[in-house]
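One letter stands for each residue in the lines below.
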Amino acid sequence: MIRIAESIKVIQSENSLTKNFDCYTAQNVRSFHKSFPNYKPTPLVELNGCAHHLGIKKIWLKDESHRFGLNAFKVLGASYAVAKFFAEMFGVNEKELSYSIFTEATIREKAKKLTLVTATDGNHGRGVAWTAKQIGCKSVVYMPKGTKKARFDNIKSLGADVYIIDGNYDDASYLARENAEKFGWILVQDSSWEGYEKIPLWIMQGYLTLMHESFEQLSGEIPTHFFVQCGVGSLPAAVQAYLVNQFGNDRPLFAIVEPNDAACVYESFVAGDGNVHTLTNEIHTIMAGLACGTPSKLAWEIMRDYSNYFITCDDEVTKSGMDILAKGTFGDDKIVSGESGAVTTGLIHKLLSDSAYRQLAEKLKLNSDSKIFLISTEGDTDPKIYKKITQETL
Ligand SMILES: Cc1ncc(COP(=O)(O)O)c(C=O)c1O
(Lines give C-alpha, C1' and ligand atoms only; values in the text may rest on other atoms or scores of the structure.)
Protein backbone atom coordinates (compact mmCIF):
# COMPACT_ATOMS: atom_id res chain seq x y z
CA MET A 1 0.00 0.00 0.00
CA ILE A 2 1.19 3.51 -0.87
CA ARG A 3 -0.39 6.61 0.71
CA ILE A 4 0.11 10.14 -0.56
CA ALA A 5 -0.93 13.41 1.09
CA GLU A 6 -0.50 16.56 -0.96
CA SER A 7 0.19 19.95 0.55
CA ILE A 8 -1.78 22.69 -1.12
CA LYS A 9 -0.44 25.51 1.03
CA VAL A 10 3.29 25.33 0.41
CA ILE A 11 4.98 28.42 1.85
CA GLN A 12 6.79 30.27 -0.90
CA SER A 13 9.28 32.53 0.89
CA GLU A 14 12.18 31.66 3.18
CA ASN A 15 11.38 31.22 6.86
CA SER A 16 13.79 31.97 9.69
CA LEU A 17 14.93 28.34 9.86
CA THR A 18 15.82 27.88 6.20
CA LYS A 19 18.33 30.75 6.42
CA ASN A 20 20.59 28.35 8.36
CA PHE A 21 21.02 26.29 5.20
CA ASP A 22 22.25 28.90 2.73
CA CYS A 23 25.06 28.53 0.19
CA TYR A 24 27.58 30.20 2.48
CA THR A 25 26.93 27.66 5.23
CA ALA A 26 27.00 24.78 2.76
CA GLN A 27 30.34 26.00 1.44
CA ASN A 28 31.82 26.14 4.97
CA VAL A 29 30.48 22.71 5.93
CA ARG A 30 31.88 21.20 2.73
CA SER A 31 35.29 22.84 3.36
CA PHE A 32 35.28 21.28 6.82
CA HIS A 33 34.59 17.78 5.48
CA LYS A 34 37.07 18.30 2.63
CA SER A 35 39.81 18.66 5.23
CA PHE A 36 39.30 15.06 6.46
CA PRO A 37 42.15 12.69 5.52
CA ASN A 38 39.96 10.33 3.45
CA TYR A 39 37.53 12.84 2.00
CA LYS A 40 36.11 12.10 -1.43
CA PRO A 41 32.74 13.17 -2.80
CA THR A 42 30.36 10.21 -2.98
CA PRO A 43 29.30 9.26 -6.52
CA LEU A 44 26.26 10.77 -8.20
CA VAL A 45 25.11 7.95 -10.44
CA GLU A 46 22.78 8.33 -13.43
CA LEU A 47 20.21 5.54 -13.73
CA ASN A 48 19.59 6.09 -17.42
CA GLY A 49 18.33 2.56 -18.12
CA CYS A 50 15.81 2.75 -15.30
CA ALA A 51 14.67 6.25 -16.35
CA HIS A 52 14.20 5.10 -19.94
CA HIS A 53 12.27 2.01 -18.82
CA LEU A 54 9.94 4.13 -16.65
CA GLY A 55 9.39 6.77 -19.36
CA ILE A 56 10.99 9.68 -17.53
CA LYS A 57 13.90 11.88 -18.54
CA LYS A 58 16.44 11.24 -15.77
CA ILE A 59 17.14 9.66 -12.42
CA TRP A 60 20.17 10.70 -10.37
CA LEU A 61 21.14 8.65 -7.32
CA LYS A 62 23.62 10.00 -4.76
CA ASP A 63 25.37 6.89 -3.42
CA GLU A 64 26.21 7.47 0.25
CA SER A 65 27.52 3.95 0.82
CA HIS A 66 30.95 5.42 0.03
CA ARG A 67 30.95 8.02 2.84
CA PHE A 68 34.21 7.82 4.84
CA GLY A 69 34.10 4.01 4.82
CA LEU A 70 31.05 4.11 7.13
CA ASN A 71 28.45 2.96 4.61
CA ALA A 72 25.98 5.83 5.26
CA PHE A 73 25.65 9.63 5.11
CA LYS A 74 25.05 10.10 8.84
CA VAL A 75 28.65 10.80 9.90
CA LEU A 76 28.45 14.11 8.02
CA GLY A 77 26.10 15.44 10.69
CA ALA A 78 27.74 13.99 13.80
CA SER A 79 31.25 15.08 12.81
CA TYR A 80 30.20 18.65 12.01
CA ALA A 81 28.13 19.02 15.20
CA VAL A 82 30.91 17.74 17.48
CA ALA A 83 33.44 19.98 15.73
CA LYS A 84 31.14 22.99 16.18
CA PHE A 85 30.68 22.11 19.84
CA PHE A 86 34.44 22.17 20.46
CA ALA A 87 34.91 25.19 18.20
CA GLU A 88 32.48 27.12 20.35
CA MET A 89 34.26 25.99 23.53
CA PHE A 90 37.66 27.05 22.17
CA GLY A 91 36.59 30.10 20.15
CA VAL A 92 37.51 28.65 16.73
CA ASN A 93 36.03 30.66 13.87
CA GLU A 94 33.58 28.82 11.56
CA LYS A 95 35.70 29.60 8.50
CA GLU A 96 38.74 28.05 10.16
CA LEU A 97 36.94 24.86 11.17
CA SER A 98 38.82 21.82 9.89
CA TYR A 99 39.74 18.27 10.80
CA SER A 100 42.59 19.71 12.90
CA ILE A 101 40.04 20.44 15.63
CA PHE A 102 40.09 16.67 16.26
CA THR A 103 43.88 16.48 16.46
CA GLU A 104 44.85 19.66 18.30
CA ALA A 105 46.52 18.76 21.64
CA THR A 106 44.70 21.20 23.97
CA ILE A 107 41.33 20.22 22.54
CA ARG A 108 42.11 16.50 22.82
CA GLU A 109 43.17 17.01 26.42
CA LYS A 110 39.77 18.52 27.21
CA ALA A 111 37.92 15.91 25.11
CA LYS A 112 39.51 13.04 27.03
CA LYS A 113 37.35 13.90 30.03
CA LEU A 114 34.10 14.18 28.08
CA THR A 115 31.49 11.64 26.94
CA LEU A 116 29.23 11.92 23.91
CA VAL A 117 25.89 10.12 24.21
CA THR A 118 23.21 9.35 21.65
CA ALA A 119 20.37 7.04 20.63
CA THR A 120 20.36 5.42 17.21
CA ASP A 121 18.94 2.83 14.85
CA GLY A 122 22.50 2.34 13.67
CA ASN A 123 23.95 4.90 11.32
CA HIS A 124 23.89 8.05 13.42
CA GLY A 125 25.38 6.22 16.41
CA ARG A 126 28.13 4.91 14.19
CA GLY A 127 28.87 8.48 13.11
CA VAL A 128 28.98 9.68 16.73
CA ALA A 129 31.24 6.79 17.81
CA TRP A 130 33.55 7.42 14.84
CA THR A 131 33.76 11.13 15.69
CA ALA A 132 34.43 10.38 19.38
CA LYS A 133 37.28 8.15 18.27
CA GLN A 134 38.76 10.91 16.08
CA ILE A 135 38.84 13.43 18.93
CA GLY A 136 39.63 10.95 21.69
CA CYS A 137 36.57 11.20 23.91
CA LYS A 138 34.23 8.49 25.18
CA SER A 139 30.89 7.63 23.61
CA VAL A 140 27.78 5.89 24.86
CA VAL A 141 25.17 4.68 22.36
CA TYR A 142 21.66 3.36 23.06
CA MET A 143 19.87 1.23 20.46
CA PRO A 144 16.26 -0.01 20.30
CA LYS A 145 15.09 -3.57 20.95
CA GLY A 146 15.42 -5.72 17.85
CA THR A 147 18.66 -4.05 16.71
CA LYS A 148 20.58 -6.45 14.49
CA LYS A 149 23.98 -7.68 15.63
CA ALA A 150 25.84 -6.26 12.64
CA ARG A 151 24.62 -2.73 13.42
CA PHE A 152 25.55 -3.15 17.11
CA ASP A 153 29.02 -4.49 16.19
CA ASN A 154 29.68 -1.64 13.73
CA ILE A 155 29.41 0.83 16.62
CA LYS A 156 31.08 -1.29 19.28
CA SER A 157 34.13 -1.78 17.07
CA LEU A 158 34.70 1.99 17.13
CA GLY A 159 35.19 1.87 20.90
CA ALA A 160 31.75 3.05 22.06
CA ASP A 161 29.83 1.64 25.02
CA VAL A 162 26.74 0.29 23.25
CA TYR A 163 23.48 -0.89 24.85
CA ILE A 164 20.40 -2.43 23.27
CA ILE A 165 17.48 -1.37 25.46
CA ASP A 166 14.09 -2.95 26.05
CA GLY A 167 12.18 -0.27 24.17
CA ASN A 168 11.84 1.47 20.79
CA TYR A 169 13.86 4.29 19.22
CA ASP A 170 11.95 7.00 21.10
CA ASP A 171 12.63 5.19 24.41
CA ALA A 172 16.34 5.01 23.56
CA SER A 173 16.28 8.72 22.82
CA TYR A 174 14.66 9.51 26.22
CA LEU A 175 17.28 7.40 27.97
CA ALA A 176 20.14 9.19 26.20
CA ARG A 177 18.61 12.52 27.18
CA GLU A 178 18.08 11.46 30.80
CA ASN A 179 21.60 10.10 31.23
CA ALA A 180 23.14 13.14 29.56
CA GLU A 181 21.54 15.26 32.29
CA LYS A 182 22.34 12.81 35.07
CA PHE A 183 26.02 12.28 34.21
CA GLY A 184 26.88 15.56 32.48
CA TRP A 185 27.42 13.86 29.11
CA ILE A 186 27.08 15.73 25.81
CA LEU A 187 23.90 14.71 24.02
CA VAL A 188 24.56 14.48 20.27
CA GLN A 189 21.06 13.64 19.04
CA ASP A 190 19.94 13.97 15.41
CA SER A 191 16.46 15.00 16.54
CA SER A 192 15.31 18.16 18.29
CA TRP A 193 12.60 19.19 20.71
CA GLU A 194 11.66 22.32 22.67
CA GLY A 195 14.86 23.50 24.36
CA TYR A 196 17.20 21.13 22.48
CA GLU A 197 17.98 22.68 19.12
CA LYS A 198 21.59 23.78 18.82
CA ILE A 199 23.30 20.42 18.24
CA PRO A 200 20.48 19.01 16.03
CA LEU A 201 20.76 22.13 13.85
CA TRP A 202 24.52 21.60 13.46
CA ILE A 203 23.85 17.94 12.58
CA MET A 204 21.41 19.02 9.88
CA GLN A 205 23.88 21.59 8.56
CA GLY A 206 26.48 18.80 8.40
CA TYR A 207 24.32 17.04 5.81
CA LEU A 208 24.75 20.06 3.48
CA THR A 209 28.04 18.63 2.22
CA LEU A 210 25.98 16.05 0.40
CA MET A 211 23.95 18.73 -1.35
CA HIS A 212 26.94 20.93 -2.11
CA GLU A 213 28.68 17.99 -3.79
CA SER A 214 25.52 17.01 -5.66
CA PHE A 215 24.98 20.38 -7.30
CA GLU A 216 28.60 20.48 -8.37
CA GLN A 217 28.16 17.00 -9.87
CA LEU A 218 24.90 17.99 -11.58
CA SER A 219 26.91 20.65 -13.51
CA GLY A 220 24.03 23.03 -14.05
CA GLU A 221 21.22 20.49 -14.54
CA ILE A 222 18.29 21.03 -12.20
CA PRO A 223 16.07 18.14 -11.07
CA THR A 224 12.29 18.55 -11.27
CA HIS A 225 11.63 16.29 -8.26
CA PHE A 226 13.35 15.26 -5.03
CA PHE A 227 12.15 12.12 -3.22
CA VAL A 228 13.90 11.84 0.16
CA GLN A 229 13.45 9.16 2.81
CA CYS A 230 12.63 10.28 6.31
CA GLY A 231 13.22 9.05 9.87
CA VAL A 232 12.96 11.98 12.28
CA GLY A 233 13.31 14.29 9.25
CA SER A 234 16.69 15.95 9.77
CA LEU A 235 18.00 14.77 6.39
CA PRO A 236 14.98 15.66 4.23
CA ALA A 237 14.55 19.02 5.99
CA ALA A 238 18.21 19.95 5.43
CA VAL A 239 17.96 19.04 1.74
CA GLN A 240 14.72 20.95 1.41
CA ALA A 241 16.00 24.07 3.18
CA TYR A 242 19.04 24.09 0.90
CA LEU A 243 16.75 24.00 -2.16
CA VAL A 244 14.62 26.85 -0.77
CA ASN A 245 17.79 28.95 -0.49
CA GLN A 246 19.06 28.00 -3.92
CA PHE A 247 15.88 28.19 -5.97
CA GLY A 248 13.18 30.02 -3.98
CA ASN A 249 9.82 29.55 -5.66
CA ASP A 250 11.36 27.72 -8.62
CA ARG A 251 12.64 24.85 -6.51
CA PRO A 252 12.01 21.21 -7.46
CA LEU A 253 8.91 19.42 -6.15
CA PHE A 254 9.70 17.73 -2.87
CA ALA A 255 8.31 14.45 -1.50
CA ILE A 256 8.98 13.06 1.99
CA VAL A 257 9.00 9.23 2.01
CA GLU A 258 8.40 7.08 5.13
CA PRO A 259 7.56 3.46 5.97
CA ASN A 260 3.80 2.84 6.49
CA ASP A 261 4.38 1.82 10.11
CA ALA A 262 6.73 4.70 10.96
CA ALA A 263 4.90 7.55 9.26
CA CYS A 264 5.29 10.16 12.01
CA VAL A 265 5.76 13.06 9.59
CA TYR A 266 2.87 11.96 7.36
CA GLU A 267 0.61 11.63 10.43
CA SER A 268 1.73 15.01 11.79
CA PHE A 269 0.88 16.56 8.41
CA VAL A 270 -2.58 14.98 8.12
CA ALA A 271 -3.40 15.92 11.74
CA GLY A 272 -3.50 19.44 10.29
CA ASP A 273 -2.79 21.42 13.47
CA GLY A 274 0.80 22.29 12.53
CA ASN A 275 2.28 20.36 15.46
CA VAL A 276 4.52 17.34 15.82
CA HIS A 277 2.63 14.12 16.63
CA THR A 278 4.00 10.90 18.12
CA LEU A 279 2.84 7.58 16.68
CA THR A 280 0.92 5.28 18.99
CA ASN A 281 1.24 2.16 16.82
CA GLU A 282 4.03 -0.41 17.10
CA ILE A 283 6.67 0.00 14.43
CA HIS A 284 7.51 -3.00 12.28
CA THR A 285 9.64 -2.27 9.27
CA ILE A 286 12.92 -3.49 7.81
CA MET A 287 13.80 0.17 7.15
CA ALA A 288 15.60 0.48 10.51
CA GLY A 289 16.99 3.95 9.84
CA LEU A 290 13.49 5.28 9.20
CA ALA A 291 11.80 3.53 12.15
CA CYS A 292 11.07 6.65 14.23
CA GLY A 293 7.88 7.57 16.06
CA THR A 294 8.35 11.33 16.58
CA PRO A 295 9.56 13.93 14.07
CA SER A 296 12.35 16.29 15.02
CA LYS A 297 10.87 19.68 15.92
CA LEU A 298 13.31 21.72 13.81
CA ALA A 299 12.99 19.40 10.83
CA TRP A 300 9.22 19.28 11.09
CA GLU A 301 8.92 23.07 10.97
CA ILE A 302 10.74 23.03 7.63
CA MET A 303 9.03 19.95 6.16
CA ARG A 304 5.58 21.18 7.19
CA ASP A 305 6.06 24.47 5.36
CA TYR A 306 7.88 23.39 2.19
CA SER A 307 7.00 19.79 1.29
CA ASN A 308 4.72 19.18 -1.66
CA TYR A 309 3.96 15.55 -0.86
CA PHE A 310 4.08 13.18 2.11
CA ILE A 311 4.26 9.54 1.04
CA THR A 312 4.27 6.26 2.95
CA CYS A 313 4.91 2.74 1.65
CA ASP A 314 5.52 -0.82 2.79
CA ASP A 315 8.66 -2.93 3.00
CA GLU A 316 8.02 -4.59 -0.37
CA VAL A 317 8.73 -1.24 -2.01
CA THR A 318 12.21 -0.95 -0.55
CA LYS A 319 12.94 -4.63 -1.23
CA SER A 320 12.25 -4.05 -4.91
CA GLY A 321 14.43 -0.92 -4.85
CA MET A 322 17.29 -2.89 -3.28
CA ASP A 323 16.90 -5.56 -5.92
CA ILE A 324 16.80 -3.15 -8.88
CA LEU A 325 19.91 -1.37 -7.66
CA ALA A 326 21.77 -4.58 -6.71
CA LYS A 327 21.25 -6.13 -10.13
CA GLY A 328 21.32 -3.03 -12.28
CA THR A 329 18.08 -4.45 -13.66
CA PHE A 330 17.69 -1.94 -16.47
CA GLY A 331 21.30 -1.97 -17.60
CA ASP A 332 22.55 0.57 -15.06
CA ASP A 333 25.61 0.22 -12.83
CA LYS A 334 25.05 -2.07 -9.85
CA ILE A 335 24.67 -0.23 -6.54
CA VAL A 336 24.67 -1.64 -3.02
CA SER A 337 21.76 0.05 -1.28
CA GLY A 338 20.36 -1.04 2.10
CA GLU A 339 16.83 -1.20 3.50
CA SER A 340 16.60 2.52 4.27
CA GLY A 341 18.64 3.52 1.23
CA ALA A 342 16.63 1.99 -1.61
CA VAL A 343 13.07 2.90 -0.71
CA THR A 344 12.79 5.90 -3.03
CA THR A 345 14.09 3.90 -6.01
CA GLY A 346 11.51 1.18 -5.27
CA LEU A 347 8.82 3.83 -4.91
CA ILE A 348 9.49 5.54 -8.24
CA HIS A 349 9.56 2.16 -9.94
CA LYS A 350 6.26 1.11 -8.36
CA LEU A 351 4.49 4.37 -9.16
CA LEU A 352 5.56 4.37 -12.78
CA SER A 353 5.38 0.67 -13.63
CA ASP A 354 2.17 -0.43 -11.89
CA SER A 355 -0.95 0.81 -13.68
CA ALA A 356 -2.84 0.81 -10.36
CA TYR A 357 -0.76 3.86 -9.41
CA ARG A 358 -1.16 5.84 -12.62
CA GLN A 359 -3.35 8.48 -10.99
CA LEU A 360 -0.93 8.89 -8.11
CA ALA A 361 1.94 9.29 -10.58
CA GLU A 362 -0.05 12.00 -12.34
CA LYS A 363 -0.77 13.72 -9.04
CA LEU A 364 3.00 13.80 -8.44
CA LYS A 365 3.47 15.32 -11.92
CA LEU A 366 5.67 12.42 -13.01
CA ASN A 367 5.94 12.33 -16.80
CA SER A 368 8.41 12.23 -19.70
CA ASP A 369 9.91 15.58 -18.63
CA SER A 370 10.66 14.46 -15.08
CA LYS A 371 14.23 14.56 -13.78
CA ILE A 372 14.31 12.87 -10.39
CA PHE A 373 16.90 13.17 -7.65
CA LEU A 374 17.23 10.32 -5.11
CA ILE A 375 19.67 9.55 -2.31
CA SER A 376 20.79 6.03 -1.50
CA THR A 377 21.47 6.92 2.11
CA GLU A 378 23.17 3.67 3.10
CA GLY A 379 24.85 0.59 1.71
CA ASP A 380 24.59 -2.90 3.21
CA THR A 381 24.75 -1.79 6.85
CA ASP A 382 23.43 -5.25 7.76
CA PRO A 383 25.16 -7.44 5.16
CA LYS A 384 23.26 -10.62 6.10
CA ILE A 385 19.84 -9.06 5.63
CA TYR A 386 21.01 -7.30 2.49
CA LYS A 387 22.16 -10.56 1.00
CA LYS A 388 18.99 -12.37 2.01
CA ILE A 389 16.71 -9.73 0.49
CA THR A 390 18.59 -9.27 -2.75
CA GLN A 391 18.89 -13.04 -3.24
CA GLU A 392 15.25 -13.69 -2.30
CA THR A 393 14.05 -11.31 -4.95
CA LEU A 394 16.16 -12.87 -7.70
C1 LIG B 1 20.17 5.10 6.10
C2 LIG B 1 19.30 6.19 6.59
N3 LIG B 1 18.56 6.86 5.70
C4 LIG B 1 17.76 7.86 6.07
C5 LIG B 1 17.66 8.23 7.40
C6 LIG B 1 16.70 9.33 7.78
O7 LIG B 1 17.31 10.46 8.30
P8 LIG B 1 16.50 11.39 9.31
O9 LIG B 1 16.27 10.60 10.57
O10 LIG B 1 17.38 12.55 9.50
O11 LIG B 1 15.20 11.72 8.65
C12 LIG B 1 18.42 7.56 8.36
C13 LIG B 1 18.35 7.92 9.77
O14 LIG B 1 18.99 7.35 10.64
C15 LIG B 1 19.26 6.51 7.95
O16 LIG B 1 20.02 5.82 8.81
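Residues numbered from 1 in each chain as written. Predicted model: local features only at pLDDT ≥ 70, side-chain atom pairs only at ≥ 80, totals over all residues.

Peer 1: I would appreciate a short explanation of the overall build of the chain in the present structure.
Peer 2: Secondary structure assignment for the chain yields 16 helices and eleven strands. Taken over C-alpha atoms, the radius of gyration comes to 20 Å for the chain, in line with the 21 Å a tight globule of 394 residues would show. Counting only C-alpha atoms and orienting by the principal axes, one finds that the chain spans roughly 60 × 45 × 40 Å. For the chain, with 394 residues in total, the buried portion stands at 55%. (Helix = DSSP H or I, 4+ residues; strand = E, 2+ residues; numbered from the N terminus. Rg over C-alpha atoms; globule rule 2.2 N^0.38 Å. Buried ≥ 20, exposed ≤ 12 C-beta atoms within 10 Å, placed from the backbone.)

Peer 1: Just to check I follow, could you spell out the domain arrangement of the chain for this structure?
Peer 2: You'll often see interface size given as the accessible area lost when the parts meet. Domain boundaries in the chain define domain 1 (3-72 + 205-392) and domain 2 (75-189). The C-alpha-based centres of domain 1 and domain 2 are spaced at 25 Å. In this assembly, 30 residues from domain 1 lie in contact with 24 residues from domain 2. Counting residues per element, the ones that place at least two in the side of domain 1 that touches domain 2 are helix 1 (23-34), helix 8 (198-206), helix 9 (208-217) and helix 16 (383-392). (Domains from an automatic or database assignment. Contact = placed C-beta atoms within 7 Å.)

Peer 1: Is there a simple way to explain the packing of helix 8 against helix 10 (residues 234-247) in this structure?
Peer 2: Between two packed helices, both the angle of their axes relative to each other and the distance between the axes serve to describe the pair. Close contact between helix 8 and helix 10 brings their axes to 9 Å; oriented N to C, the two are set at 65°. As helix 8 packs across helix 10, the resulting crossing turns out to be right-handed. Mapping the contact onto sequence places P200, I203 and M204 in helix 8 and S234, A237 and A238 in helix 10. Taken together, the residues of the contact of helix 8 with helix 10 break down into five nonpolar, one polar and no charged. (Axes fitted to C-alpha atoms, helices over the stretch in contact; angles between N-to-C directions. Left-handed = near helix turned anticlockwise from the far one by under 90°. Nonpolar A, V, L, I, M, F, W, Y, C, P; charged D, E, K, R; others polar.)

Peer 1: Is there a simple way to explain the sheet that holds strand 4 (residues 115-119) in this structure?
Peer 2: Consider a sheet: its strands pair through backbone hydrogen bonds, and that pairing is either parallel or antiparallel. A sheet is described by the order of its strands in space; here four strands give the open sequence 6-5-4-7, paired in parallel fashion. Looking at the sheet topology across the chains shown, the edges are occupied by strand 6 (161-164) and strand 7 (186-187). Looking at chain direction, strand 4 and strand 5 (residues 138-143) are connected through five bridges and run parallel. From the neighbouring strand, T115 faces strand 5, where its bridge partner is K138. Sitting on the sheet, helix 5 (residues 123-135) touches strand 4 and strand 5, and the angle it makes with strand 5 is about 170°. (Pairing = 2+ DSSP bridges.)

Peer 1: Looking at this model, I keep getting lost on the nonpolar core. Mind explaining?
Peer 2: One recurring pattern in soluble globular proteins: nonpolar side chains tend to sit buried together. Grouped together as the largest cluster of nonpolar side chains are 125 residues, with contacts concentrated most on I59, A238, V257 and V265. The greatest single-element share of this core, amounting to ten residues, is contributed by helix 3 (residues 75-90). Here this core gathers at least three residues from each of two domains, domain 1 (3-72 + 205-392) and domain 2 (75-189). (Core = buried A, V, L, I, M, F, W, Y, C linked by C-beta atoms within 7 Å.)

Peer 1: I'm lost on the site of the ligand in this one. Help?
Peer 2: Inspection of the region around the ligand gives 20 residues, with G231, S234, G289, T377 and E378 positioned closest. Among the elements that take part in the shell around the ligand, helix 10 stands out by supplying three residues, more than any other. Here the shell around the ligand is composed, by residue class, of six nonpolar, ten polar and four charged. Domain assignment of the residues forming the shell around the ligand places at least three in each of domain 1 (3-72 + 205-392) and domain 2 (75-189). (Near = placed C-beta within 6 Å.)

Peer 1: I'm lost on the packing of helix 3 against helix 8 in this one. Help?
Peer 2: Contact geometry for helix 3 and helix 8: axes closest at 7 Å, N-to-C directions at 130°. The angle between helix 3 and helix 8 places the two elements in the oblique class. When you trace helix 3 past helix 8, the crossing you get is right-handed. Contacts between helix 3 and helix 8 involve L76, G77, A78, S79, Y80, A81, K84 and F85 on the former and, on the latter, I199, W202, I203, M204, Q205 and G206. When the residues that make up the contact of helix 3 with helix 8 are grouped by side-chain class, the tally is nine nonpolar, four polar and one charged. (Parallel < 35°, antiparallel > 145°, perpendicular 65-115°, else oblique.)

Peer 1: How should the sheet that holds strand 2 (residues 44-46) be read in this particular structure?
Peer 2: Pairing is mixed across the open sheet formed by seven strands, whose spatial order is 1-10-9-8-11-3-2. This sheet does not close on itself; its edge strands, each paired only once, are strand 1 (3-6) and strand 2. The average undirected angle you get between the axes of adjacent strands in this sheet is 20°. Here three bridges tie strand 8 (residues 225-229) to strand 11 (residues 371-376), and the two strands are oriented parallel to one another. Bridge pairing in strand 11 links H225 to I372.

Peer 1: In this structure, what is going on with unusual backbone geometry? I would like to understand it.
Peer 2: Glycine aside, residues mostly have negative phi angles, and peptide bonds mostly take the trans form. Although it is not a glycine, F68 adopts a positive phi angle of roughly 50°. Summarising the element assignment, F68 is placed in the loop between strand 3 (58-63) and helix 3. For K365, which is not glycine, the phi torsion reads 60° and is therefore positive. Along the polypeptide, K365 turns up in the loop between helix 15 (358-363) and strand 11.

Peer 1: Please explain helix 7 (residues 169-183) as it appears in this structure.
Peer 2: Turn by turn, an α-helix covers 3.6 residues, leaving residues three or four places apart pointing in a common direction. For helix 7, with 15 residues, the first-to-last C-alpha span of 21 Å sits near the 21 Å given by 1.5 Å per residue. Every buried residue of helix 7 is listed here: Y169, A172, S173, A176 and A180. The buried side chains of helix 7 occupy one side of the element, clustering within an arc of 100° when seen end-on. Among the exposed residues of helix 7, those pointing more than 90 degrees away from its buried face are E178, E181 and K182. Of the surrounding secondary structure, the elements contacted by the buried residues of helix 7 are strand 4, strand 5 and strand 7. (Expected span 1.5 Å × (residues − 1). Arc of directions from axis to C-beta.)

Peer 1: Help me understand the pairing of strand 4, please; the structure alone is not making it clear to me.
Peer 2: Along any regular strand the residues' side chains alternate between the sheet's two faces. For strand 4, a buried count of four out of five residues is recorded, marking the element as mostly surrounded by other parts of the structure. As defined by bridge partners, strand 4 adjoins strand 7 across two bridges and the pair is classed as parallel. Across the sheet, residue V117 finds its bridge partner in strand 7, namely L187.

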